[in-house]
Amino acid sequence: MRRLLLLAALLLAGPALALDPAEQLRDPGQEERARAIGRELRCLVCQNQSIEDSDADLARDLRRIVREQVVAGRGDAEVMDFLYARYGDFVLLRPRLSAATVLLWATPVLALGAGLLLVLAMRRRAGVAAGPQPLSPEEQARLARLERAP
Amino acid sequence: MNPVWRKRALLGLPLLAAGGAGLGFLAMLRGLSTGNYNPHGVPSALLGKAPPEFTLPALAGSPQPAFGSAELRGLGRPVLVNFFASWCVPCIIEHPQLMALQRAGVPVFGVAYKDKAADALAFLARRGNPFQALAADEPGRVAIDWGVYGVPESYLLDRQGIIRWRWAGPITEDTMSAELQPLLRRYSA
């Protein structure tokens, strides 16, 4: 029974966040919103973590700013805009579509397009190489001459 | 196309691609060594803009006056704003270059980032004080308004007070000769 309980506790345990309990907002709804926003924001110091996951000082400061603004009643987009104005595309884990990021967003489509073109070209070539081609009128005339020849 | 030529072209294609990739890699390595290419660098969102509105207190015990966005307007000459801290090791590396700038008459405005006043003062007493104005940002909030993500970090403002250049990391001798000095010449003219 104890083992079962232990197993259940291990399985039910959520992922550990860098968040200090003291940082959390008292209102669970607001805290949930702040976390959702934080998960979209990149820690500028340890760059492959969101600010919710990072232990860096700057990430802690940014979490605090997000929470302050959530409490102040700002919308998600407003909070994101606040940080976007300071840190640019880099702070967004899902960068916005702009002239600078269009290649980033278009790469999958471009790669798919290039692959399709390649497949089409190969299929066309395979088609050319495959079956026998019909004779051209000159070839037919020549064949007829050869057949008529004694 | 002639089949022989076609075959040659097809053989040459991978060679060409490999050559191109090699050149690209070489350019990347060169950029890494000169500091022009930094894969972790966060480009500043403030280039071409005026600095954020802010006021900061002076560093307690320092003779240098504090400064805010008002003091950065209408200086009529380029100014370097430098975020530093006594606990920051790269700041020690950078420090001689800031001293050189001061000797050359370039105004350098310092912001002590998340530092205790006594520690920052001791740091400057030991290594020299290159700053014409010196403010303290102990909570580090104004730094976030500037888009600072680590110290040292420096911003060059032109004569109109517009941010023209941002350098994250220590300003070395190479940074001075390759980047900052040409920019200073350009924006002083």
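Residues numbered from 1 in each chain as written. Chains lettered and ligands numbered in written order. Predicted model: local features only at pLDDT ≥ 70, side-chain atom pairs only at ≥ 80, totals over all residues. Heavy atoms only, no water.

Trainee: Describe the pattern of salt bridges, with residues and values.
Mentor: Residue and element names in this part refer to chain A. Enumeration over the complete set of coordinates arrives at 15 salt bridges over all chains. Across the salt bridge formed by E31 and R35, the nearest N and O atoms sit 2.9 Å from each other. One end of the pair is E31 and the other is R35, both in helix α2 (residues 28-38) and four residues apart, which spans about a single turn. The exposure classification of E31 matches that of R35, with both residues buried. The partner of R67 in a salt bridge is E52, and the shortest N-O contact between them spans 3.3 Å. Pair noted here: R67 is in helix α3 (residues 57-71) and E52 is in the loop between α2 and α3, with a separation of 15 residues, a long-range link. Residue R67 shares its accessibility class with E52, and that shared class is buried. Salt bridges sharing common partners tie together E31, R35, E52 and R67. (Salt bridge = Lys/Arg side-chain N within 4 Å of Asp/Glu carboxyl O. Helix = DSSP H or I, 4+ residues; strand = E, 2+ residues; numbered from the N terminus. Buried < 20%, exposed > 50% of the residue type's maximum accessible area, 1.4 Å probe, protein only.)

Trainee: Before we move on, can you summarise the nonpolar core with the specific residues and values?
Mentor: Core analysis: the biggest nonpolar cluster contains 71 residues, and V81(B) and W146(B) have the highest contact counts within it. When residues in this core are grouped by element, the largest group, six residues, is from α3(A). (Core = buried A, V, L, I, M, F, W, Y, C linked by side-chain atoms within 4.5 Å.)

Trainee: Account for the packing of α3(A) against helix α4 (residues 76-87) of chain A, with residues named and values stated.
Mentor: Residues and elements named next belong to chain A. It is at 9 Å that the axes of α3 and α4 come closest, and there the two elements cross at 140°. Between α3 and α4, the angle is such that the two are oblique. By crossing handedness, the relation of α3 to α4 is classed as right-handed. Within the contact between the two elements, α3 uses L58, L62, I65, V66 and Q69 and α4 uses E78, V79, F82, L83 and Y87. The residue inventory of the contact of α3 with α4, partitioned by class, reads eight nonpolar, one polar and one charged. (Axes fitted to C-alpha atoms, helices over the stretch in contact; angles between N-to-C directions. Parallel < 35°, antiparallel > 145°, perpendicular 65-115°, else oblique. Left-handed = near helix turned anticlockwise from the far one by under 90°. Contact = heavy atoms within 4.5 Å. Nonpolar A, V, L, I, M, F, W, Y, C, P; charged D, E, K, R; others polar.)

Trainee: Account for the sheet that holds strand β3 (residues 133-137) of chain B, naming residues and giving values.
Mentor: Residues and elements named next belong to chain B. The strand order across the open sheet formed by five strands is β3-β2-β1-β4-β5, and the pairing between neighbours is mixed. Two strands close off the open sheet at either side, each with one partner strand: β3 and β5 (163-168). Strand-to-strand twist across the sheet, computed as the mean angle between neighbouring axes with direction ignored, equals 15°. With five bridges joining them, strand β1 (residues 79-84) and strand β4 (residues 153-157) adopt antiparallel strand pairing. Looking at the pairing, F83 lines up with E153 of β4. (Pairing = 2+ DSSP bridges.)

Trainee: So what's going on with a nonpolar patch on the surface? Residues and values would help.
Mentor: Residues and elements named next belong to chain A. On the surface, M1, L4, L5, L7, L11 and L12 cluster together into a nonpolar patch covering about 760 Å² of accessible area. By the element assignment, L7 lies in helix α1 (residues 2-12). With a relative accessible area of 47%, L7 lands in the partly exposed category. (Patch = residues over 30% accessible without salt bridge, like charges linked within 9 Å, V, L, I, M, F, W, Y side chains within 5 Å. Areas by Shrake-Rupley, 256 points an atom, 1.4 Å probe, with all protein chains shown as cover.)

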